[in-house]
Every structure is written in C-alpha cells, then in structure tokens.
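One letter stands for each residue in the lines below.
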Amino acid sequence: MKNTSVDPIKGFSKLSKQAKMEWLVQNFSDEPNESLQMLQGYWHALPEVQKLHDEFIENTVSNYYLPFGVAPNFQINQKMYTIPFAIEESSVVAAAAKAANFWLDRGGFKTTVLSTTKVGHVHFIWDGQDHAALSSFFSNYKDNLISSTDEITKNMRARGGGILDIELIDKSELETDYFQLAVKFDTRDSMGANFINSCLETIAKEWQSSIEASDLAGNVQIVMSILSNYTPECVVRAEVSCAVEDINEGSGISNKEFAEKFRRAIRIAQIEPYRAVTHNKGIMNGIDSVIIATGNDFRATEACAHAYAARDGQYRSLTNAEVVDGTFRFWLDLPLSVGTVGGIISLHPMVKFAHELLGNPDAEELMQIIAVAGLAQNFSAVRSLITSGIQKGHMKMHLLNILNQLEATEDEKAQIVEYFKDKVVSFSAAVEIFSKLRGIPVDQKVKK
Ligand code: MEV
C-alpha cells in the first residue's frame, strides 16, 4: 500500500485530465499503469458523452458506475409503470418487483400529492427595538419585495408557479436580533433550487436597501439567503390496502396473523428510534434509487425525509399501518422535492432514458412514483422480517457478490447457485463449497 501522505499540490484544477490522473496514480497507487487503465476503462466510449460527464462536476477523472435495474408491474392509480432503480445493494430491485406483483393482484398503489409548496429564507439581523414597527414596515413593503423578483419569476409565473407568499418571522428569542423572511414558492416541474436562491438573494438586497432608506431605527445585516431542503409542505402520500382475507401472502402464516404482525412491526418503528432508523433506511433504499436514476438530489431527499421523520421531536417510522374493520391499510407520507426539468435531467443519457421509461412524468407524477418505490420497498422488507426473516432472500441475492469476490467462473457460479437453492447462504458456506469444487484448501483463495 502506498504512503498516502502526499505533498500539497497547487493548481490541481488547472491540470489537464490526463495530468490529473497521472498525479493520482503516481502518488496513490501501487500499480500506476493498471490504475490508469482502470480509470480510463470507465470512460464512456463516445467522447461527446464523456465530455458531458466531465463537465457535470469539477476535477473529473473518470465515471463511477452504479447498476441501473428496473422493476416492472407497478400499478399506480390504475396506470402501469416500470420503475428504474440506480443502486449498488442487492435485493432492493427484487424486493420492489415482488411488492409490485403482490399489490398488482390487490388493486395496486394509490397516491395523492398532498401539497407542493417549497420554502426558502433570508436570514437577517436587525438591531432595532421596535419589532412592531418592523412588522408593519414589512407588511407595507411586501408587495415590493415580490415585484423586485419579477424579471426572475417571469417564466415560472408563465408556467403557473412563482412566489406564493412572504412572511416575516421574529426569531430574536432564540438568537439576539435574528429575523427571517420566509418565502414560499411553487416551482412547478423543476426542483427549483437555483430559482429559489436567485429570488431570495434579490429579495435580500431589496429588503436591506428598503430598511436602510426607511426611518426605522436599527441596522440590518443579511446573514444568508438560501432555500430550505426541508419541505414539510411538499408532501406525497402512497398507499395500499386490501381485505385482510385477501392477503394470502404465501408463507404459511394466517392472513389475520400477518396483518396484525405487520401492523405491530410498523408500530414498533413508530415508537422505537433504533428500529425506526433501519426501517426508514429500507424505505430510502427505494426512494434514493429512483431519485438517482431520475437525476434528482438524493442528499436533499435524505435530509428532508429524516427531518420529517423527527418532526414531533422523536425519530419515527415514515410509514403507517392499520387494520380496521377487516381491512389492512399501509401508507407512506413523504416530503419530496423533485424536478423533471433542469439540472442533469435533459443532459444525462441514462437519466433521460429513466424519464422516458416512466412516460416523461411531470414533477407531481414523479413524486408519486418515487413514494410508491419507498412504500413497496418497506412492504417487502417488513413482510420478510415478520415471516421468513430477511437473510434468506438477502443472502441469496448477495451470493453472486460473494462468488465474484472469489473470482468464480461462470460454470462454478451456476453450480454453487444450484447448490444453495435449498440451503441457507453464508460467506463461509459459500467459500467452503467453492473450495471443494476447485479442490483447494478452504482459506487459500479467500480475499476479504
Ligand atoms: C437493508 O438495506 C434494509 C432493511 O434492513 C430494512 C428494514 O429492516 O426494514 C432490510
């Protein structure tokens, strides 16, 4: 292993791509030529497509592939979808496909967009004493703040979106002299981050100069103007339901017992944060995969979902379940801010394909599809957990990763997969059977 303590480098960003790669492999790789080839091996075959990728971010030297899988047979509000997933974890796509098929026979998924308002803030300090005077100045000046953004909001307004409202919020009890302008937006089919931030910065300038030009006694300082990725007023609901007697989920457990055990598993994730985190992580397996496949921002989605899960002060499950009057109902409410235009959506060929696969949905439809992917994922995970346990299916899916790690041939893989058809997969059991097939001692070939 190379010593990774390397002298600082000045002007790295100015180096050519080739020079950047050479600097990297010379300084960090034990096998510079192999590493160079590997980095180049992940370049796209078409130079113009590679150029697109090079320009998405800075200091690009190669591409980082994630598998792109699909799960067909999702019926959502009576319409059929094949959903794309970009994720490295085995079992996620299989779980989604399984849930899609299960609910296809029971009426499919139903979804509703509950709200679509996004928000951003101008955080400012004002050291005047007369808060009522500031409030009344704001009320009189609010329309001017909105019209100061007219040039920026023109196109968005033509599409039916724009600024919905601005509120002055006094936070001085939490931090001396701290106030906010909370600005609400409808950004239609774009996630709207650039749009919101441009509006906020314009409003901040206008606000500062209007206070300075007023006879209000007090100094104003803008601290920052930025959208919030927390969007509790941009929420989608995905749900499934069926008569308990129609559950027949096939693992031998009675319908009634399944429904009750499922409800209780969700309840445990509602009241127990240790379980809630893993439970929601499973939901995000589905959500993030579709978010990434459709070129949306998974960091924003994650941050928002977890803040929402903790909105009453305790971290809880994002899904809910009930069994009432013989009906099993399971649903997810999720704040989600996504776009179907802008960003890399019209640039990245795989992202464009993902949108095509979904029938080029608008942002509201995409919110609904993504929420369904999360609900489906959670359904399959909890279904396994309360019946066969998670490892049976998971390790079967993971077996190929283990065999690839052992560098098994295609023929060896086929034989070992066949061997495990009726057995529990574990790393050591896989190594054992692999070694036996090759006729080598058990620990000779194992790479960790
Ligand atoms: C694994 O990625 C996700 C699960 O742990 C989710 C869960 O426990 O609900 C299976």
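Residues numbered from 1 in each chain as written. Predicted model: local features only at pLDDT ≥ 70, side-chain atom pairs only at ≥ 80, totals over all residues. Heavy atoms only, no water.

K.L.:
Help me understand the site of the ligand, please; the structure alone is not making it clear to me.
P.N.:
The local shell around the ligand consists of Glu89, Arg275, Thr278, His279, Lys281, Gly282, Asn285, Ala381, Leu385 and Ile390. In the environment of the ligand, an oxygen atom lies 2.6 Å from a nitrogen or oxygen atom belonging to the side chain of Lys281. Isolated, the ligand exposes 300 Å² of accessible area, and the fraction of that covered by the protein chains is 83%. The biggest single contributor to the shell around the ligand is helix H9 (residues 273–293), with six residues. Taken together, the residues of the shell around the ligand sort by class into three nonpolar, four polar and three charged. (Near = heavy atom within 4 Å. Polar contact = N/O pair within 3.5 Å; in protein donor to acceptor, adjacent residues only side chain to side chain. Areas by Shrake-Rupley, 256 points an atom, 1.4 Å probe, with all protein chains shown as cover. Helix = DSSP H or I, 4+ residues; strand = E, 2+ residues; numbered from the N terminus. Nonpolar A, V, L, I, M, F, W, Y, C, P; charged D, E, K, R; others polar.)

K.L.:
Would you take a moment to explain the packing of aromatic side chains for this structure?
P.N.:
The relation between two aromatic rings is expressed through the spacing of the ring centres and the mutual angle of the planes. Counting across every chain of the model gives 23 aromatic pairs. Here Phe124 and Phe179 contribute two aromatic rings whose centre-to-centre distance is 5.6 Å and whose plane-to-plane angle is 20°, an arrangement assigned as stacked. Of the two residues, Phe124 sits in strand E4 (residues 118–126) while Phe179 sits in strand E6 (residues 178–186), which places them 55 residues apart along the sequence. For the pair Phe124 and Phe179, one class covers both residues: buried. Of the aromatic side chains, those joined through ring pairs into one cluster are Phe102, Trp103, Phe258, Phe262, Phe328, Phe330 and Phe379. Residue placement shows Arg106 over the ring face of Phe102; its charged tip is 3.7 Å from the ring centre. The side chain of Arg299 reaches across the aromatic face of Phe298, ending 4.6 Å from its centre. (Phe/Tyr/Trp six-rings, centres within 6.5 Å; stacked < 30°, edge-to-face > 60°. Buried < 20%, exposed > 50% of the residue type's maximum accessible area, 1.4 Å probe, protein only. Lys NZ or Arg CZ within 6 Å of the ring centre and 35° of its normal.)

K.L.:
Is there a simple way to explain unusual backbone geometry in this structure?
P.N.:
Leave glycine aside and you will find that most residues have negative phi; peptide bonds, for their part, are mostly trans. Its identity is not glycine, yet Gln78 carries a phi of approximately 75°, on the positive side. The residue Gln78 is located in the loop between strand E1 (68–76) and strand E2 (79–86) in this model. A relative accessible area of 62% places Gln78 in the exposed class. Unusually for a residue other than glycine, Arg188 sits at a positive phi of about 50°. Secondary-structure assignment places Arg188 in the loop between E6 and helix H7 (193–213). Judged by relative accessible area, Arg188 falls into the partly exposed class, the value being 36%.

K.L.:
What am I meant to see in the sheet that holds strand E5 (residues 162–170) here?
P.N.:
In a beta sheet, neighbouring strands pair by backbone hydrogen bonds and run either parallel or antiparallel. Reading across from one edge, E5-E6-E4-E7 is the order of the four strands in this open sheet, with antiparallel pairing throughout. Strands with a single pairing partner mark the edges of an open sheet, and in this sheet they are E5 and strand E7 (220–227). The sheet shows a mean angle of 20° between the axes of neighbouring strands, taken without regard to direction. As defined by bridge partners, E4 adjoins E7 across seven bridges and the pair is classed as antiparallel. Along E7, the bridge assignment pairs Gly120 with Leu227. This element, helix H5 (residues 131–147), spans E4, E5 and E6 of the sheet and lies at about 170° to E5. (Pairing = 2+ DSSP bridges. Axes fitted to C-alpha atoms, helices over the stretch in contact; angles between N-to-C directions. Contact = heavy atoms within 4.5 Å.)

K.L.:
Before we go on, may I ask you to explain the sheet that holds strand E10 (residues 327–335) in this structure?
P.N.:
The antiparallel open sheet is built from four strands, whose spatial order is E3-E8-E10-E9. Here the strands that pair on one side only, and so sit at the sheet edges, are strand E3 (110–113) and strand E9 (319–324). The average undirected angle you get between the axes of adjacent strands in this sheet is 20°. Bridge analysis of E3 against strand E8 (residues 235–243) gives four bridges, and the strand direction is antiparallel. Bridge assignment links Val113 to a residue of E8, and that residue is Val236. Along the sheet face, helix H8 (residues 255–271) touches E9 and E10 and points at about 145° away from the line of E9.

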